[in-house]
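Residue-level structure breakdown
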Amino acid sequence: MAAAPSPNPGPSFNQELCELVLDTAPRLFAVVQVCGNSSADADGWVVAWGLAEPDGPTHVISLDGRARLTLASPERALRHFAGHPGLTARLVWLAHPNTAALDHPKAA
């Protein structure tokens with residue numbers, strides 16, 4: 001019979017868990033549409049959010065929830081949100097976090 005896990009693992013184990021999370025975390029990005037040719041008359045808005053896996057697919061969902069895509073790369077999402085006359089699509093990456101913390105579960 002296997003031993004039950006300790007309810008209070010040591011700080012080094014907790015640090016290892018946090019490092020594991022940081023090493024495998026997907027990157028978060030927005031797909032924005034932009035109209036206008038110069039920064040003086042340009043306008044932009046977020047049309048979708050995406051998660052790029054470190055060594056795997058990219059998942060994108062539009063803000064209205066009607067488009068859910070699994071793609072080979074984040075750049076492929078641009079094809080789905082560009083192409084209309086006067087509109088371009090861009091990726092805007094959120095900064096990759098350098099810290100992680102364990103959330104202590106509350107008693108039920």
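For the structure itself, consult the block above.
Residues numbered from 1 in each chain as written. Predicted model: local features only at pLDDT ≥ 70, side-chain atom pairs only at ≥ 80, totals over all residues. Heavy atoms only, no water.

1. Re the overall build of the protein
As a reminder, the rule being used: In DSSP terms, a helix is any run of H or I states spanning at least four residues, a strand is any run of E spanning at least two, and both are numbered starting from the N terminus. Contact criterion: two residues are considered in contact whenever any of their non-hydrogen atoms come within 4.5 Å of each other. The protein chains shown are the only cover counted for residues, whose accessible areas, like all others here, come from Shrake-Rupley with a 1.4 Å probe.
Along the protein, the regular secondary structure elements total two helices and five strands. Element order for the protein, N to C, with α for helix and β for strand: α-β-β-β-β-α-β. Relative to all contacts within the protein whose residues are 6 or more apart in sequence, the contacts with residues 24 or more apart total 43%. Total accessible area computed for the protein in this model is approximately 8100 Å², and 58% of it derives from carbon and sulfur atoms.

2. Considerations on the environment of Ala 67
The topology assignment puts Ala 67 in the loop between β3 (58-62) and β4 (68-71). The spacing of Ala 67 and Ala 48 is 19 residues in sequence and 8.7 Å in space, taken between C-alpha atoms. Among all residues touching Ala 67, those that are not within four sequence positions of it are Val 60, Ile 61 and Ser 62.

3. Points about the nonpolar core
What counts, and what does not: What makes a nonpolar core is a set of buried Ala, Val, Leu, Ile, Met, Phe, Trp, Tyr and Cys residues whose side-chain atoms join them at distances within 4.5 Å. Each residue's exposure class comes from its accessible area (1.4 Å probe, protein chains only) as a fraction of the maximum for that residue type: buried when under 20%, exposed when over 50%, partly exposed otherwise.
In terms of nonpolar packing, the biggest core is built from 12 residues, these being Phe 29, Val 31, Val 47, Ala 48, Ala 52, Val 60, Leu 69, Leu 71, Ala 77, Phe 81, Ala 89 and Leu 91. Of all the secondary-structure elements, those providing two or more residues to this core are β1 (27-35), β2 (43-52), β4, α2 (76-81) and β5 (87-93). Top contributing element to this core by residue count: β2, with three residues. For Ala 89, the contacting residues outside a window of four places in its chain are Val 31, Val 32, Gln 33, Leu 78, Phe 81 and Ala 82.

All quantities given are derived from atomic positions and should not be read as evidence of function.
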